[in-house]
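Letter by letter, the chains look like this.
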Amino acid sequence: MDNKEYADSLRKIADLYEHNPELHQPEPEIAAYHCKTKEDAKQIIAMLGNCEKQYTDTLFTLSKKFGGINLRFVFSRTDVCDRVISTRTVEVEVVEWKYDQILKGDDNGN
């Protein structure tokens, strides 16, 4: 199916819902999971314009609302992101309190 046939099909679905208000609606989202490459992501971003980008440990998602329906493109993060491994040395400040002998007192608490 090409994009024209897809758009025509969506219009037929829209007509069905418009003429049958009692018909239960599906989730207000269209999700595309066939996106595979970084180039696909760049093209979709250019076509959508302003869109939301979400990252999880495994997924990269582009989404944009059209009225009340969210259009979402889902990518495997390994397909579109470059994995960078780095190491960091973190310094931890350790605070110890040293008291002058006069403040310590003796073993009896004096």
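Whatever comes next refers back to the structure up there.
Below: a short report on this structure. Keep in mind that this is a model prediction, so the values were computed, not measured.

**Quick notes on the packing of aromatic side chains**
In this description, an aromatic ring pair is defined by two values, namely the gap between the centres and the angle between the planes.
Alright, step 1. This model, assessed by the stated rule, comprises 2 aromatic pairs.
Alright, step 2. Summarising the aromatic geometry, the rings of tyrosine 55 and phenylalanine 60 are spaced 5.2 Å apart at their centres and angled 40 degrees between planes, so their arrangement reads as tilted.
Alright, step 3. On the numbers, 5.9 Å between centres and 45 degrees between planes, the contact of phenylalanine 60 with phenylalanine 75 is tilted. Here phenylalanine 60 is found in strand E3 (residues 59-66), whereas its partner phenylalanine 75 is found in strand E4 (residues 69-76), with 15 residues between them in sequence. One exposure class covers both phenylalanine 60 and phenylalanine 75, and it is buried.
Alright, step 4. Members of the aromatic cluster, each reached through a chain of ring pairs, are Tyr55, Phe60 and Phe75.

**Quick word on the sheet that holds E3**
Alright, step 1. On the basis of which strands lie adjacent, the open sheet formed by 4 strands has the order E1-E4-E3-E2 and mixed pairing. For this open sheet the edge positions go to strand E1 (29-32) and strand E2 (52-55), each flanked by a neighbour on one side alone. Recorded for the sheet is a direction-independent mean angle of 20 degrees between the axes of neighbouring strands.
Alright, step 2. Pairing of E3 with E4, which is carried by 8 bridges, proceeds in the antiparallel orientation. When the sheet's bridge partners are listed, lysine 65 is paired in E4 with asparagine 70.
Alright, step 3. Strands in contact with helix H2 (residues 38-48) are E2, E3 and E4; relative to E3, the strand with the most contacts, it is inclined by about 20 degrees.

Rules used throughout
By convention here, each chain's residues receive numbers from 1 onward along its written sequence. It should be noted that, the model being predicted, local features are given only for residues of pLDDT at least 70 and side-chain atom pairs only at 80 or more, the latter also being counted only at that level, while totals for whole chains, interfaces and linings use all residues. Only hydrogens and water are set aside; all other atoms, that is, all heavy atoms of the structure, feed into the side-chain values. Ring pairs shown here join Phe, Tyr and Trp side chains whose ring centres sit within 6.5 Å, with only the six-membered ring taken for Trp; geometry is labelled stacked below 30 degrees between planes, edge-to-face above 60, and tilted in between. Counting from the N terminus, the helices are DSSP H or I runs at least four residues long and the strands are E runs at least two residues long. For every residue, the accessible area obtained with a 1.4 Å probe (protein chains only) is divided by the maximum for its type, and the residue is called buried under 20%, exposed over 50%, and partly exposed between those limits. Each pair of strands is called paired provided DSSP finds at least two bridges between the two strands. Here an axis means a line fitted to C-alpha atoms, over the contact stretch when the element is a helix, while the angle between two N-to-C directions is reported on a 0 to 180 degree scale. Any two residues whose heavy atoms approach within 4.5 Å are treated as being in contact.

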